[in-house]
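Chain residues, written in single-letter form:
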Amino acid sequence: MSNDAAGRHTRFIVLLAALVALGPLSIDGYLPGLPDLAGDLRASAAATQLTITACLAGLAIGQLIAGPLSDTYGRRRPLLAGLALYTIASALCAVAPDVRTFVGLRLVQGIGGAFGIVIANAMVRDRTSGTRTARLFSALTLITGLAPVFAPVLGGQLLRVTAWPGIFVALAVLGAVMLAASAAGLPETRPSASRQPLLAVVGQLLSDRVFTGYVLANGLVFAAMFAYISGSPFVLQEIHGLSPQQYSAVFAVNAAGLIVAAQISGRLVARAGARVLLLAGLLGATAGGTTVLGAVLARAPLPVLLIGLFVLVSSVGLVMPNAAAQALADHGGHAGSAAALLGFSQFMFGGALAPLAGAGGATDALPMGIIVAVLPALALLTLGVLTRSMPGERTRRPARQGPAGHRRPRRHIDRRRAGIQ
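Cut-offs and rules
- Residues numbered from 1 in each chain as written.
- Predicted model: local features only at pLDDT ≥ 70, side-chain atom pairs only at ≥ 80, totals over all residues.
- Heavy atoms only, no water.
- Helix = DSSP H or I, 4+ residues; strand = E, 2+ residues; numbered from the N terminus.
- Contact = heavy atoms within 4.5 Å.
- Areas by Shrake-Rupley, 256 points an atom, 1.4 Å probe, with all protein chains shown as cover.
- Phe/Tyr/Trp six-rings, centres within 6.5 Å; stacked < 30°, edge-to-face > 60°.
- Buried < 20%, exposed > 50% of the residue type's maximum accessible area, 1.4 Å probe, protein only.
- Lys NZ or Arg CZ within 6 Å of the ring centre and 35° of its normal.
- pLDDT = per-residue confidence, 0-100.
- Axes fitted to C-alpha atoms, helices over the stretch in contact; angles between N-to-C directions.
- Left-handed = near helix turned anticlockwise from the far one by under 90°.
- Nonpolar A, V, L, I, M, F, W, Y, C, P; charged D, E, K, R; others polar.
- Salt bridge = Lys/Arg side-chain N within 4 Å of Asp/Glu carboxyl O.
- Disulfide = S-S within 2.5 Å.

## Overview of the overall build of the protein chain
For the protein chain, the count of helices and strands is 16 helices and two strands. Taking all contacts inside the protein chain whose residues are at least 6 apart in sequence as the whole, residues at least 24 apart take part in 83%. For the protein chain, the accessible area works out to roughly 17300 Å², and carbon and sulfur atoms hold 68% of it.

Have a look at this one:
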């Protein structure tokens, strides 16, 4: 690769990483300003929490909109439209007159931000295949892991010089910069000849049992991590007596484990295969979740619980990039819709199941322990059942597709299920 080509490739990846980061920044960046926001908008605690839920719902719904649109009309136009929507909604959030308006704008902001996430993932699949896809997804997982950790820190620093509306002004500026950079620097990666009618694309994906297996496995493990995120503040601070600073340190260590695992995955995928690393991640998440449940039931010392949580969260760094690579492996022709369903499952399962971690109140860790133990085990079972080869299936499955959606001849061995890329 020439220096010029290497430079273009680096700029391409940096832009995709920034697009993926928009969602986490939107969710977590304003958290330090929540108390002031509630006071200024005269909102209850429940209404204030709803502003987070609205953004999560927007990120889920927006992916279902963005993916099929990008498969039908190309990547650039939907991406630019989504970024424009995100920028406008972010700016309006800064001047929202009441909490109801603010919640509605947060929903729209989430929808706009989702376009960046799903189309960035689709562009990776458009440009790459096999182990290169898994490596790039590992790099994007790094951003996904870092952004939620640093977003509140950045928001807190902004609050030193401005009030909470200033955070949304900053997000609007970021959206405008990303809009300009994407318009100037991101090429169309989906040829016109590859585009398909929306309903045909969605129907084809939903009928693929193997694709569904990877999507469900990924979503269930992501929901286990959401359960940890929502339940661990109460478990670690209320039950085990950690200070907010100590809890932040534990959260940072676990996030670092996820990031390191994702980078290890990127280095090993060429030798081990994406499916092998995915299975390793599911086994690790199951072992970590089981350790957490055992520690809760046995009232084990805090270090045992912390080890289980670390293994659980770190394993997500193996699961996410490899599940994405495997799910999109045979769907290069409609990677946008495939990435949309993959992302939607994460937020849908996370939003629906994570609140159950607090079902026992602030002084009962058992619900969180059950959820983080059961969901990874269920993900492992789902993957085994839905992605195993069935008699005669190889002759029925469509030909694999290359980076631009062109069909490639099937090999005699099902390489995707064998974990060989």
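## Concerning the packing of aromatic side chains
What the rule picks out here adds up to eight aromatic pairs. Seen in terms of ring centroids, Tyr30 and Phe102 are 6.3 Å apart; in terms of plane orientation they differ by 50°. Their pairing is tilted. With Tyr30 in the loop between α1 (3–28) and α2 (34–40) and Phe102 in helix α5 (residues 99–127), this residue pair connects regions lying 72 residues apart in the sequence. Residue classification places Phe102 among the buried residues on the basis of a relative accessible area of 0%. Between Trp164 and Phe168, the aromatic rings sit 6.2 Å apart at their centres with planes inclined by 85°, giving edge-to-face as the arrangement. Of the two residues, Trp164 and Phe168 are both situated in helix α7 (residues 164–185); the distance of four residues between them amounts to about one turn of the helix. Residue Trp164 is classed as buried on the basis of its relative accessible area, which comes to 5%. An aromatic cluster is defined as three or more aromatic residues linked by ring pairs; in this entry it consists of Tyr30, Phe102, Trp164 and Phe168. Across the ring face of Phe12, the terminal group of Arg127 is positioned such that the distance to the ring centre comes to 4.7 Å.

## Some details on the confidence of the model for the protein chain
A residue-level look at the protein chain finds 86% of positions with pLDDT of 70 or above and a mean pLDDT of 83. Note that pLDDT drops below 50 for residues 391–421; the model gives that stretch 73 contacts with residues more than four away or on any other chain.

## Regarding the packing of helix α10 (residues 244–272) against helix α12 (residues 302–328)
Contact pair α10 / α12: the axes reach a minimum separation of 7 Å and the direction vectors enclose 35°. Crossing angle aside, the handedness with which α10 passes α12 is right-handed. In this structure, α10 uses Val250, Val253, Asn254, Gly257, Leu258, Ala261, Ala262, Ser265 and Val269 to contact α12, whose residues at the interface are Leu306, Leu309, Phe310, Val313, Ser314, Val316, Gly317, Leu318, Pro321 and Asn322. Considering only residue class, the contact of α10 with α12 consists of 13 nonpolar, six polar and no charged.

## Here we look at the pattern of salt bridges
Any two side chains of opposite charge can pair if their charged atoms end up close together. Taken as a whole and assessed by the stated rule, the structure comprises two salt bridges. As a salt-bridge pair, Arg75 and Asp71 come within 2.9 Å of each other at their nearest N and O atoms. Per residue, the accessibility class of Arg75 equals that of Asp71, and both read buried. A salt bridge links Asp126 to Arg75, with the shortest nitrogen-to-oxygen separation between them at 2.7 Å. On the criterion of sequence distance, the pair formed by Asp126 in helix α5 and Arg75 in the loop between α3 (45–73) and α4 (76–93) is long-range, its members being 51 residues apart. Overall, the relative accessible area of 5% leaves Asp126 in the buried class.

## With respect to the environment of Gly67
With respect to the helices and strands, the residue Gly67 is situated in helix α3. Judged by its relative accessible area of 0%, Gly67 is buried. The spatial distance from the C-alpha of Gly67 to the C-alpha of Leu341 is 8.0 Å, given a sequence separation of 274 residues. Leaving out residues up to four positions away in the same chain, Gly67 has contacts with Val118, Gly336, Ser337 and Ala340.

## Considerations on unusual backbone geometry
Of note in this structure, Arg42 is not a glycine but carries a positive phi near 55°. The class of Arg42 is exposed, set by a relative accessible area of 80%. With a phi angle near 50°, Arg299 is a residue other than glycine that sits in the positive phi range.

## Regarding the state of the cysteines
Inspection of every chain in the model, using the stated rule, returns zero disulfides. Free of any disulfide, Cys55 has its nearest cysteine sulfur in Cys93, 8.5 Å distant. Judged by relative accessible area, Cys93 falls into the buried class, the value being 0%.

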